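# What the coordinates show
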Amino acid sequence: MAKKPAEKIEFTYEGTDRKGKKVKGEIFAFNDTLVKSELRKQGINPLKVKKKPKPLFGGNTKITPADIAIFSRQMATMMKSGVPLVQSFDIIGLGHENPAMQKMIMDIKSTVESGSTFADSLNKYPLYFDKLFVNLVNAGEQSGALETMLEKLATYKEKTEALKAKVRKAMTYPISVMVIAFVVTAILLIFVVPQLQSVFDSFGAELPAPTLFVIALSEFMQSYWWVFILFIGVTIWFLKNLHAKSANFRKQVDQLTLKLPIVGEISTKSAIARYSRTLETMSVAGVPLVEAMDSVAGATGNIVYEQACRVIKDDISSGTQLTTSMRSTGLFPNMALQMVSIGEEAGSLDFMLSKVADFYEAEVDNLVDNLTALMEPLIMSVLGVLVGGLIVSMYLPIFQLGNVVG
């Protein structure tokens, strides 16, 4: 069995520079001997070197798309300010609060120092840097305009992450409220209803049908609540795995999502915004349309539009205009088609794609706000029916007893 390669460890150090001034900092290395050697190369006399202790509760060890967006903006700022590439890695990496992100940045730095290009070093992390990111960095390095490409990547990442956050907000809000409604209902059925049931048993009178139904539901929840939770957990796990492994299932889900009222409109305009923004970024970088469509397909976030991008790529490679091919898919509105057509004819495709992306990003923002406003009264109604229905059902016997006594 192959031996697992050693990983660099984060060390903290204290020492003195050439002027005798005390300095301290953090550095990644395989062991403390290499740390001291590296510090001496930098003109620092190491006095104290030790492993950096791990955070008490583990810290953040997951690299998120937001981390990559921030990294892109920081690199763009550093490069535009004239800071050398390797020094930029040091400044950003050592100052990052996420240990996983910090380690990755320092590994990228080591790869670049060993003679690899920035693009090649990013290629080692396909989970975090997609083909679009790597291709644009490579184009920047080849053309000598790396800082410009990094700035465009930073803007692209920030806008796409902002768009994703808006879509997540639209989907998460109603789901979270319904989960709360379920939890409240379950608490009433398991803890409150049995207390009232013991009171009703002392009446010795016949209970109304709604009350009997709620009591039966309460008894079921008390006995089989674990079955209900297990069923929900297994269902979520099954659907999540099916979505990850079955392209056909993903396509059916995405097709259904596009047809839903309001949510479908948000998904459609979100996909068009991502399509336009990604294609605009690739166009500015000088990437040919045929090559760009692979990155665009993966960025749309919907398998229906992803497959449409593959068709567009084939059409363009056979000589068809971009606008004509987009129109043949039947997925793009007339406004987007007209603006792309004008861009093709005027030779300003990247500018017009940017305008299309701006327009649909603003549309998604407005739709999310409208959805939130529409969902609030609907959710309140559902909560009222669930919770109010339970309360009324349980108080019906008390009302009837009051009438008899009266």
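The structure contained in this document is the topic of the report that follows.

About the cut-offs
Residues numbered from 1 in each chain as written. Predicted model: local features only at pLDDT ≥ 70, side-chain atom pairs only at ≥ 80, totals over all residues. Heavy atoms only, no water. Helix = DSSP H or I, 4+ residues; strand = E, 2+ residues; numbered from the N terminus. Rg over C-alpha atoms; globule rule 2.2 N^0.38 Å. Contact = heavy atoms within 4.5 Å. Areas by Shrake-Rupley, 256 points an atom, 1.4 Å probe, with all protein chains shown as cover. Lys, Arg positive; Asp, Glu negative; His and termini not counted. Charge placed at Lys NZ, Arg CZ, Asp CG, Glu CD. Pairing = 2+ DSSP bridges. Axes fitted to C-alpha atoms, helices over the stretch in contact; angles between N-to-C directions. Parallel < 35°, antiparallel > 145°, perpendicular 65-115°, else oblique. Left-handed = near helix turned anticlockwise from the far one by under 90°. Buried < 20%, exposed > 50% of the residue type's maximum accessible area, 1.4 Å probe, protein only. Salt bridge = Lys/Arg side-chain N within 4 Å of Asp/Glu carboxyl O. Core = buried A, V, L, I, M, F, W, Y, C linked by side-chain atoms within 4.5 Å. Patch = residues over 30% accessible without salt bridge, like charges linked within 9 Å, V, L, I, M, F, W, Y side chains within 5 Å. Phe/Tyr/Trp six-rings, centres within 6.5 Å; stacked < 30°, edge-to-face > 60°.

Within the protein chain, the regular secondary structure consists of 15 helices and 3 strands. By the compact-globule yardstick of 22 Å for 406 residues, the protein chain is too spread out, its C-alpha radius of gyration being 30 Å. Expressed as a percentage of contacts within the protein chain between residues at least 6 apart in sequence, the contacts between residues at least 24 apart total 60%. Surface summary for the protein chain: the accessible area is close to 23,000 Å², and the carbon and sulfur share equals 61%. Across the protein chain, the mean location of the 42 positive side-chain charges is 9 Å away from that of the 39 negative side-chain charges.

Read from one edge of the open sheet, 3 strands run 2-1-3, paired in antiparallel fashion. Lying at the two open borders of the sheet, with one neighbouring strand each, are strand 2 (22–29) and strand 3 (45–51). If you compare each strand with its neighbour and ignore which way they point, the axes differ by 25° on average. Of the strand pairs in this sheet, strand 1 (residues 9–16) and strand 3 are connected by 6 bridges, and their pairing is antiparallel. Each bridged residue has a counterpart across the sheet, and for Thr16 the counterpart in strand 3 is Asn45. Of the strands in this sheet, strand 1, strand 2 and strand 3 are in contact with helix 1 (residues 32–41), which crosses strand 3 at around 145°.

A word on the packing of helix 2 (residues 65–80) against helix 3 (residues 85–94). Between helix 2 and helix 3, the shortest axis-to-axis distance is 10 Å and the interhelical angle comes to 135°. Between helix 2 and helix 3, the angle falls in the class oblique. Judged by the sense of rotation from one axis to the other, the crossing of helix 2 with helix 3 is right-handed. Contacts between helix 2 and helix 3 involve Phe71, Gln74, Met75, Met78 and Met79 on the former and, on the latter, Leu85, Ser88, Phe89, Ile91 and Ile92.

Quick look at the side chain of Ser276 now. Within the fold, Ser276 resides in helix 10 (residues 263–284). A relative accessible area of 2% places Ser276 in the buried class. Contact partners of Ser276, with chain neighbours within four places excluded, come to Leu353, Val356 and Ala357.

So, about the pattern of salt bridges. In this structure the tally under the stated criterion is 13 salt bridges. Arg73 is the salt-bridge partner of Glu158, the closest N and O atoms lying 2.8 Å from each other. With Glu158 in helix 7 (residues 146–203) and Arg73 in helix 2, this residue pair connects regions lying 85 residues apart in the sequence. On the basis of relative accessibility, which here comes to 26%, the residue Arg73 falls in the partly exposed class. Several salt bridges share partner residues, and in doing so they unite Arg277, Glu280, Asp358 and Glu361 into one network.

The tendency in soluble globular proteins is for nonpolar side chains to be buried side by side. If you look at the biggest cluster of nonpolar residues, it comprises 75 residues, and the most contacted ones within it are Phe118, Phe129 and Tyr275. Per-element tally for this core: the top contributor is helix 15 (residues 349–405), with 11 residues. Look past the residues within four positions of Phe129 in its chain and what remains in contact with it is Ile68, Phe71, Met104, Ile108, Leu122 and Val134. Counting residues in each nonpolar core, the second largest holds 12 residues, with Leu189, Phe200, Val387 and Leu390 among its members.

It is worth spelling out the pairing of strand 2 at this point. Direction of pairing for strand 1 relative to strand 2: antiparallel, over a ladder of 8 bridges. Across the sheet, the residue bridging to Gly15 is Val23, located in strand 2. Counted along the chain from strand 1 to the antiparallel partner strand 2, the turn is 5 residues long, and its residue Gly20 has a positive phi close to 85°.

Attention now goes to a nonpolar patch on the surface. Residues Ile175, Val179, Phe182, Val183, Ile187, Phe191, Val192, Phe228, Phe231, Ile232 and Ile236 make up a contiguous nonpolar surface patch of roughly 1,000 Å² in combined accessible area. Only helix 7 and helix 8 (209–245) provide two or more residues apiece to the nonpolar patch. Of all the elements, helix 7 adds the most residues to the nonpolar patch, at 7 residues. With respect to the helices and strands, Phe231 occurs in helix 8. Classification of Phe231 by relative accessible area gives exposed; the value is 55%.

With that settled, consider unusual backbone geometry. Non-glycine residue Ile262 carries a positive phi angle of around 65°. Turning to its location among the elements, Ile262 is positioned in the loop between helix 9 (247–259) and helix 10.

Counted according to the given criterion, the structure contains 8 aromatic pairs. Relative to Phe332, the ring of Tyr275 lies with its centre 4.8 Å away and its plane at 50°, an arrangement referred to as tilted. Separated by 57 residues along the polypeptide, Tyr275 in helix 10 and Phe332 in the loop between helix 13 (322–329) and helix 14 (334–346) bring together distant segments of the chain. An identical accessibility class is assigned to Tyr275 and Phe332; each is buried.

By themselves, these observations are geometric and do not establish any function.
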